[in-house]
Amino acid sequence: MSDLRDLYQEMILDHCKRPRNFHKLEEASTCAEGHNPLCGDRFTVYLNIKDGVVEDASFQGGGCAISTASASMMTESLKGKTITEVQDLFQKFHKLLTSESDSQEGAPDLGKLLVFSGVREFPVRVKCATLAWHTLRAALEEGLKTVTTE
Ligand code: ZN
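Residues numbered from 1 in each chain as written. Predicted model: local features only at pLDDT ≥ 70, side-chain atom pairs only at ≥ 80, totals over all residues. Heavy atoms only, no water.

Draft legend 1. The overall build of the protein chain, seen in detail. Assigned secondary structure in the protein chain consists of four helices and three strands. In the protein chain, the order of α-helices and β-strands from amino to carboxyl end is α-β-β-β-α-α-α. Counting the 150 residues in the protein chain, one finds 42% classified as buried. Restricting the contact set of the protein chain to residue pairs at least 6 apart, pairs at least 24 apart contribute 59%. (Helix = DSSP H or I, 4+ residues; strand = E, 2+ residues; numbered from the N terminus. Buried < 20%, exposed > 50% of the residue type's maximum accessible area, 1.4 Å probe, protein only. Contact = heavy atoms within 4.5 Å.)

Given below as structure tokens:
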């Protein structure tokens, strides 16, 4: 297990040092801002949604290693997914980090995002790891509002 833990830590550090999709999305169809006052993490998540599919996702801002890596990996995992699939992923990720049991139920299809399972042991860090995801959900809701008024 410790090898796996080292690998997880390495992946988080790698995404923290070189965050993917770390830029403003000029053609974003929706975006939202998230803030975690407990740690000082602050991100803006940009989405470009076309016909119910996430064509592109990016983020900007700053925070600790966990929140930055989480936002980076999240944007990587969103592209090509439908809004329903994204919402499903949010639920699974949230459950992974907040469920009390050690069961890996629903975990296999989380792929790389499983690296954050260790965060569950540090309740203060759970807010860091989920910040980008809560921001994503806010952006989706904002996007749906935009869609209905168009
Ligand atoms: Zn943080």
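Draft legend 2. Expanded view of the pattern of salt bridges. What the rule picks out here adds up to seven salt bridges. In this structure, arginine 18 engages aspartate 14 in a salt bridge whose closest nitrogen and oxygen atoms are separated by 2.6 Å. Given the relative accessible area of 24%, aspartate 14 is considered partly exposed. (Salt bridge = Lys/Arg side-chain N within 4 Å of Asp/Glu carboxyl O.)

Draft legend 3. The arrangement of the nonpolar core in detail. Counting 39 residues, the largest nonpolar core has Leu47, Ile66, Leu78, Phe116, Trp133 and Leu136 as its most contacted members. Those elements giving two or more residues to this core turn out to be α1 (2-17), β2 (41-50), β3 (53-62), α2 (65-78), α3 (83-98) and α4 (123-149). It is α4 that contributes the most residues to this core, nine residues altogether. Tryptophan 133 has contacts with Ser70, Met74, Ser77, Leu89, Phe90, Phe93 and Leu113, leaving out every residue within four places of it along the chain. (Core = buried A, V, L, I, M, F, W, Y, C linked by side-chain atoms within 4.5 Å.)

Draft legend 4. Main features of the sheet that holds β3. The three strands are arranged β1-β2-β3 in an open sheet whose pairing can be described as antiparallel. Here the strands that pair on one side only, and so sit at the sheet edges, are β1 (30-36) and β3. Taking each pair of neighbouring strands and ignoring which way they run, the sheet shows an average axis angle of 20°. Of the strands in this sheet, β2 and β3 touch α2, which is tilted by about 165° from β3. (Pairing = 2+ DSSP bridges. Axes fitted to C-alpha atoms, helices over the stretch in contact; angles between N-to-C directions.)

Draft legend 5. Here's a closer look at the packing of aromatic side chains. The final tally for this structure, using the stated rule, is four aromatic pairs. Residues phenylalanine 22 and phenylalanine 59 carry aromatic rings whose centres are separated by 5.1 Å and whose planes lie at 70° to one another, so their mutual orientation is edge-to-face. On the criterion of sequence distance, the pair formed by phenylalanine 22 in the loop between α1 and β1 and phenylalanine 59 in strand β3 is long-range, its members being 37 residues apart. What makes phenylalanine 22 partly exposed here is its relative accessible area of 38%. Measuring from ring centre to ring centre gives 4.7 Å for phenylalanine 93 and tryptophan 133, while their planes differ by 20°; the resulting arrangement is stacked. Residue phenylalanine 93 is found in helix α3, and its partner tryptophan 133 is found in helix α4; the two are separated by 40 residues along the sequence. Comparing phenylalanine 93 with tryptophan 133, the two get one shared label, buried. (Phe/Tyr/Trp six-rings, centres within 6.5 Å; stacked < 30°, edge-to-face > 60°.)

Draft legend 6. Region of interest: the coordination of the zinc ion. Protein coordination at the zinc ion: the donors are Cys39 (SG), Asp41 (OD), Asp41 (OD), Cys64 (SG) and Cys128 (SG), at 2.2 to 2.6 Å from the metal. In the primary sequence, the donor residues of the zinc ion line up as C-x1-D-x22-C-x63-C. Remark: cysteine 64 occurs in the loop between β3 and α2 and aspartate 41 occurs in strand β2; sequence separation between them is 23 residues. On the basis of relative accessible area, aspartate 41 is assigned to the buried category, the value being 0%. With relative accessibility at 17%, the residue cysteine 64 sits in the buried group. (Donors = N, O, S within 2.8 Å, 3.2 Å for Na, K, Ca; no water.)

In short, the description is geometric, and any link to function would need to be established separately.
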